[in-house]
Amino acid sequence: MPKVSVIVPIYNKEKYLVESIESLREQTLSNIELVLVNDGSTDGSLTICERYAEIDPRIQVVSQANGGVSSARNLGLDVARGDYLGFVDPDDWVESKMYEKMYDTVRRTQTDICMCNYVMEFPDKSVPVQLKIDSEKLDKNGILTEIVANMLAGPSLNSGSQVISGSVCRLLIRKDIVDKNRIRFPIGIPLAEDLLFTIQVLLRSDKLSIEEGQYYHYMIRSGSAVRTYRQELQRISWEVHDSLHHILEKEDVLRYFEARMDRRYVDMVIRLIVNEVHADNTKSVTDKIRSIREYCRDNKLKEILSNVETKGYTLRRKAVLTGLQREWGIFLFVYYTLLSRLISCFSHPWAEN
């Protein structure tokens, strides 16, 4: 039986797939299984997968009708045979020593999960993203306070209050945690499905280790989800927020994270405004401003903002929060339109706590 199964959900990624698969074939951990899940691709992705399966017995190819990334990953979970699980997206690549290092760490520390650092690969530069946690090993309390809390939202609403990415791709997970607790990726939610899965795994784990290496290379392309206008973002955002609330409530930990969930709610509204001003949104300027004002009138948002203490916040962040409170639709439209243009010109370096 393989020590590690790496699941790769694939839909029409023939342009990038060879580089991704080659980086997995070059892993220094020899006892590894690569589960390539073809999610109804209409390009040459399946042909590439089948060609690699013929020359590498560690590769297992499974196919399904197109059902989305969550459905594809769930199929991978159903057929994976390894003691530990890893996930790689088909347009990203990983360092050759990634899974050997993470496997050695998770075994040596006797933890349920190992988390590594990663590199964001923009078209013009590489930006390492490093966890700022001193300990190599966290117990249950450390998982909740250091990881889960900062995945939900930052410690404050101030500018630069960064969160930890909920991406499943930087994790190595003991498979029996996923199997025993019947944890699967949510179907029908095309954004933050990683986060919902990861939070459930973390809440069911007792110990977590951190491998300080920057092994995963996350490619930021022009069509990436973080840069794409989404017409249904409001509905999706509400579903994600409600799903997180349900998970925390079910695990009886919601009381510990209510403040973080409130901050996440404010961040969610800001993301909706950013989406509203996106250049691909065909609404008129008047309609965009009207929508922004509607977001600002949300009762829960107003209640949260009424209790926010902004002492020590940057002037820009104070202005944004004031704009939300006072429903300054024109100001928020202009501010985020200009900010979006700046970010499109200068790739924004993300960081983590």
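Caption draft 1: The arrangement of the overall build of the chain in detail. Of regular secondary structure, the chain possesses 13 helices and 10 strands. For the chain, with 353 residues in total, the buried portion stands at 50%. For the chain, restricting intrachain contacts to residue pairs at least 6 apart in sequence, the fraction spanning at least 24 positions comes to 79%. Accessible area for the chain stands at about 16600 Å²; split by element, carbon and sulfur atoms hold 48% of it. Positive and negative charge centroids in the chain, built from 47 and 50 side chains respectively, lie 4 Å apart.

Caption draft 2: Structural context of the state of the cysteines. Throughout the structure, instances matching the rule amount to zero disulfides. For Cys116, which is in no disulfide, the shortest distance to another cysteine sulfur is to Cys114 and amounts to 7.1 Å. Cysteine Cys169 remains unbridged, with the sulfur of Cys116 as its closest cysteine sulfur at 9.7 Å. You can call Cys169 buried: its relative accessible area is 1%.

Caption draft 3: Focus on the nonpolar core. Phe87, Tyr99, Phe197 and Leu324 are the most contacted members of the largest nonpolar core, which totals 108 residues. Residues contacting Phe197, with those up to four places away along its chain left out, are Leu77, Phe87, Val168, Ile173, Val178, Ile183, Arg184 and Phe185.

Caption draft 4: Layout of the packing of helix H5 (residues 140-152) against helix H7 (residues 193-203). Closest axis-to-axis distance for the H5/H7 pair is 10 Å, and the angle between their directions is 165°. Judged by the inter-axis angle, H5 sits roughly antiparallel to H7. Of the two elements, H5 crosses H7, and the hand of that crossing is left-handed. Along its contact with H5, which presents Lys140, Ile143, Leu144, Ile147, Val148, Met151 and Leu152, the element H7 presents Leu195, Thr198, Ile199, Leu202 and Leu203. Residue classes in the contact of H5 with H7 are distributed as 10 nonpolar, one polar and one charged.

Caption draft 5: Highlighting unusual backbone geometry. Not every positive phi belongs to a glycine, and Gln110 is a case in point at roughly 55°. For Glu327, which is not glycine, the phi torsion reads 60° and is therefore positive. Looking at where Glu327 falls in the secondary structure, it is placed in the loop between helix H12 (315-325) and helix H13 (329-345).

Caption draft 6: The pairing of strand S4 (residues 84-87), seen in detail. Side-chain alternation along S4 places Tyr84 and Gly86 on one buried face and Leu85 and Phe87 on a second face that is also buried. Inspection of the sheet shows strand S1 (residues 4-10) paired to S4 by four bridges, in the parallel sense. Residue pairing in the sheet places Val6 in a bridge with Gly86 of S4. Sheet topology note: the S4/strand S9 (residues 171-174) ladder contains two bridges and is antiparallel. Note that in S9 the partner of Leu85 across the bridge is Ile173.

Caption draft 7: Here's a closer look at the confidence of the model for the chain. Here the chain shows a mean pLDDT of 93. Residues at 70 or above account for 95%. Note on residues 345-353: pLDDT is under 50 here. Beyond four places in sequence and across chains, it has 33 contacts.

Caption draft 8: Local environment of the packing of H5 against helix H9 (residues 258-276). Where H5 contacts H9, the two axes come as close as 8 Å, and the packing angle between them is 30°. The angle between H5 and H9 falls in the class roughly parallel. Contacts from Ala149, Asn150, Met151 and Leu152 in H5 reach Arg260, Met261 and Arg264 in H9. Considered class by class, the residues forming the contact of H5 with H9 number four nonpolar, one polar and two charged.

Caption draft 9: A look at the packing of aromatic side chains. Within this structure, the stated rule accounts for eight aromatic pairs. Considering the side-chain rings of Phe87 and Phe197, the 5.9 Å spacing of their centres and the 75° angle between planes classify their relative orientation as edge-to-face. Taken together, the residues Phe87 in strand S4 and Phe197 in helix H7 connect sequence positions 110 residues apart. The burial state of Phe87 is the same as that of Phe197; both residues are buried. Between Trp328 and Phe331, the ring centres sit 6.0 Å apart and the planes meet at 85°, which makes this aromatic pair edge-to-face. Judged by its relative accessible area of 36%, Trp328 falls in the partly exposed class. Grouping aromatic residues by their ring pairs yields a cluster made of Trp328, Phe331, Tyr335 and Tyr336. Directly above the aromatic system of Tyr52 lies the positively charged group of Arg51, at a separation of 5.8 Å from the ring centroid. Just above the ring of Phe185 sits the side chain of Arg73; from NZ or CZ to the centre is 5.1 Å.

Caption draft 10: Representation of the pattern of salt bridges within the structure. The tally for this structure, following the rule as stated, stands at 24 salt bridges. With a shortest N-O distance of 3.6 Å, Asp91 and Lys13 are connected by a salt bridge. Here the residue Asp91 occupies a position in the loop between S4 and strand S5 (93-94), and Lys13 occupies one in the loop between S1 and helix H1 (14-25), the gap between them amounting to 78 residues. On the basis of relative accessible area, Lys13 is assigned to the partly exposed category, the value being 26%. For Arg290, the salt bridge identified is with Asp287, shortest N-O distance 2.4 Å. Separated by three residues within a single helix, Arg290 and Asp287 lie in helix H10 (residues 285-296), roughly one turn from each other. Residue classification places Arg290 among the partly exposed positions, given a relative accessible area of 46%.

Reading guide: rules and limits
- Residues numbered from 1 in each chain as written.
- Predicted model: local features only at pLDDT ≥ 70, side-chain atom pairs only at ≥ 80, totals over all residues.
- Heavy atoms only, no water.
- Helix = DSSP H or I, 4+ residues; strand = E, 2+ residues; numbered from the N terminus.
- Buried < 20%, exposed > 50% of the residue type's maximum accessible area, 1.4 Å probe, protein only.
- Contact = heavy atoms within 4.5 Å.
- Areas by Shrake-Rupley, 256 points an atom, 1.4 Å probe, with all protein chains shown as cover.
- Lys, Arg positive; Asp, Glu negative; His and termini not counted.
- Charge placed at Lys NZ, Arg CZ, Asp CG, Glu CD.
- Disulfide = S-S within 2.5 Å.
- Core = buried A, V, L, I, M, F, W, Y, C linked by side-chain atoms within 4.5 Å.
- Axes fitted to C-alpha atoms, helices over the stretch in contact; angles between N-to-C directions.
- Parallel < 35°, antiparallel > 145°, perpendicular 65-115°, else oblique.
- Left-handed = near helix turned anticlockwise from the far one by under 90°.
- Nonpolar A, V, L, I, M, F, W, Y, C, P; charged D, E, K, R; others polar.
- Pairing = 2+ DSSP bridges.
- pLDDT = per-residue confidence, 0-100.
- Phe/Tyr/Trp six-rings, centres within 6.5 Å; stacked < 30°, edge-to-face > 60°.
- Lys NZ or Arg CZ within 6 Å of the ring centre and 35° of its normal.
- Salt bridge = Lys/Arg side-chain N within 4 Å of Asp/Glu carboxyl O.

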